[in-house]
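Residue-level structure breakdown
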Amino acid sequence: MAKEKEVMSVYKKILAIYPHPDDESFGKAGALALHAKEGAEITLVCATSGQMGRRMGKPFFANRETLWKIREQELKDACNVIGIKDLRLWRMLDKTLQFEDPEELADRVETVLNEVKPELVYSYYPNYAVHPDHDALAEAVILAISRFPKEERPVVYASAFSKNCEKIIGTPDHVMDVSEVLDVKLDALRAHRSQSEFIIKKLEQSLAAETEKQDVLLEPYRKERYWTIKV
Amino acid sequence: MWIEAYTHYQTNAQSKKEVIRMKSIDRGEVQQYLDQFLNQDLYYHLETSNGSYASLESEQQMSVCAFIRNGRIRYSRGTIAGAGPYRVGLKLEEGWVYAEGLTDYEMTEKGQLLLGGYDHEGRIGIALELSRHPFSV
C-alpha cells in the first residue's frame, strides 16, 4: 500500500472520463479520493447525463423526464465528497455514444486533453467494459491519446469487468487498497442515491445485523482494480 | 418541474415517506388524458429495457432495449386496458403503437403525459410519453 501511495502521489493532474454519472464512484471513487487526498487536481468529464438509466431509486422517486437532473445533482454531490473540483458535463444522450462519429468523439476528448494536460487518465477498458457507452468513450479516449507524440501521452488506468475478461487481458496490474478512504468512497456512492440506494441499504443492514462479518462485507469496496493501458 | 421534484427529493432524503409526483395509474384519468391528445400531431417517447447489465448478471439473459425519443405520432383512437399493470394502444392512420406493463403516470405542468412501468426494485421497464412539444434531448 505504501508503495502504491508513492506511485499515486507522482500524479498531480488527473483526468477521469466516463459516460455516466456514478461511473466515477462505482469501483473508482477510492482511487480518485486518494489522488485528491494527495493534492492532485482532478478533472472529471461525464459525457452523458445518464438520462436513460433504468434505476429510478428504491422506492422510485424519478421518472424518465426528471432523472437526468437528479443524476447531475447526485454527481455534483459525489464530486464534492471525493474532492473533484473540475466537473465537465457534456450532456450527450445516454446509450448513443456508440453511434456518434468516433473521430468527432475523439476530437472532443482531445480538446480536454489539451486543456487539462493530465499525466494520468482514468477510463474504461475498450471492449471489456460491458456497457456500449463505456466501450465507445474508452475507444475515443485511446484514439485521442494516440494522436499525441509518444512522449506526451498520459498513462491510462482502465476498468474492465466483462465476463471472463481476465482470460484475455490478464489480471489487473494495479489492485489498489483504498481502505483509508473507504468512508469517502461509501459517501460518494450514497450521493448517487437513485442508482445506489438498493445496494447501500442492503450493505448497511448487513453491517448492522452481522457486525462480525464487517471485513467480509466491506472487502469488495476496499479493493479497486485497474489495468494500465500504454497507448 | 424537476426542481420541484428535486426539492421534494432533498427534503425527504432522510424521511421514509417519499414525495413523488408519479402516481399509480387511475385508468379513467389516463383515458381522459389520452382522449385529449386525439387527432393531433404529437411527440412521443417509447422505451423498454431490461438493463445493460442483464446479460452480465445472468447467462440465460440477453440485454434488450429499445427507445424512440421524439418520434412523431398522430392517433385516432387511444385506449388504456387491463386491471394493472396496464396496456395502452394507440391506433395510427397506418399502424399501431403498443405498450404493456404500465403502472404509474403523471400529467406534467408542461402538458406531457408520462406513463411508466416500474418493478418492485423501482426500475423502469417500460415508458410511453406523449407531448405536443419535443421532449428534452
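As the structure is a computational prediction, the values presented were derived from the model and not from experiment.

**With respect to unusual backbone geometry**
For the bond running from Lys58 of chain A to Pro59 of chain A, omega is 0°, close enough to zero to count as cis. Within the fold, Pro59 of chain A resides in the loop between strand S2 (41-48) and helix H3 (67-82). With an omega of -5°, the peptide bond running from Gly84 of chain B to Pro85 of chain B counts as cis. Along the polypeptide, Pro85 of chain B turns up in the loop between strand S4 (75-81) and strand S5 (86-92). The phi dihedral of Lys117 of chain A is positive, around 50°, even though this residue is not glycine. A positive phi angle is found at Val130 of chain A, which is not glycine, with a value near 65°. Mapped onto the elements of the fold, Val130 of chain A is located in the loop between strand S4 (120-124) and helix H5 (132-146). With 19 C-beta atoms packed within 10 Å, Val130 of chain A lands in the partly exposed category.

**Some words on the nonpolar core**
Residue and element names in this part refer to chain A. Formed by 57 residues in total, the largest nonpolar core has its most connected members in Ala16, Ile17, Leu32, Ile82, Leu137 and Val141. Looking at this core, the element that brings in the most residues is H5, giving 7 residues. Setting aside residues up to four positions removed in sequence, Ala16 forms contacts with Glu24, Leu32, Ile42, Leu44 and Tyr122. Judged by nonpolar contacts, the second largest core, of 30 residues, contains Met56, Phe60, Phe61 and Trp68.

**Here's the deal with the packing of helix H7 (residues 182-191) of chain A against helix H9 (residues 214-222) of chain A**
Residue and element names in this part refer to chain A. For the pair H7 and H9, interaxial distance at closest approach is 11 Å and the crossing angle is 80°. As summarised for this structure, H7 and H9 are arranged roughly perpendicular, according to the angle between their axes. For the pair H7 and H9, contact is made by Leu182, Lys185 and Leu186 and by Leu218, Tyr221 and Arg222, respectively. Among the residues making up the contact of H7 with H9, the classes are represented as 4 nonpolar, no polar and 2 charged.

**Concerning the sheet that holds S5 of chain B**
In any sheet, the strands associate via hydrogen bonds between backbone groups, in a parallel or an antiparallel arrangement. All names here are of chain B. Pairing is antiparallel across the open sheet formed by 3 strands, whose spatial order is S4-S5-S6. The sheet terminates laterally at S4 and strand S6 (95-102), the two strands that pair on one side only. Direction aside, neighbouring strands of the sheet carry axes that sit 10° apart on average. Pairing of S4 with S5 involves 6 bridges; the strand directions are antiparallel. When the bridges of S5 are listed, Ile80 appears paired with Val88. Seen against the sheet, helix H2 (residues 27-36) touches S4 and S5 and runs at an angle of roughly 170° to S4.

**What to know about the environment of Ala138 of chain A**
Position of Ala138 of chain A relative to the elements: it lies in helix H5. Apart from the residues lying within four places of it in its own chain, the contact partners of Ala138 of chain A are Ser123, Tyr124, Tyr125, Pro126, Ala129 and Ala158 of chain A.

**Points about the interface of chain B and chain A**
Taken together, the 27 residues of chain B in the interface contact 21 residues of chain A. Counting only elements with at least two residues in the side of chain B that touches chain A, the list comes to helix H1 (2-11), strand S2 (42-49), strand S8 (113-118) and strand S9 (124-131) of chain B. Among the residues making up the side of chain B that touches chain A, the classes are represented as 15 nonpolar, 7 polar and 5 charged.

So, how was this worked out
Residues numbered from 1 in each chain as written. Chains lettered and ligands numbered in written order. Predicted model: local features only at pLDDT ≥ 70, side-chain atom pairs only at ≥ 80, totals over all residues. Helix = DSSP H or I, 4+ residues; strand = E, 2+ residues; numbered from the N terminus. Buried ≥ 20, exposed ≤ 12 C-beta atoms within 10 Å, placed from the backbone. Core = buried A, V, L, I, M, F, W, Y, C linked by C-beta atoms within 7 Å. Contact = placed C-beta atoms within 7 Å. Axes fitted to C-alpha atoms, helices over the stretch in contact; angles between N-to-C directions. Parallel < 35°, antiparallel > 145°, perpendicular 65-115°, else oblique. Nonpolar A, V, L, I, M, F, W, Y, C, P; charged D, E, K, R; others polar. Pairing = 2+ DSSP bridges.

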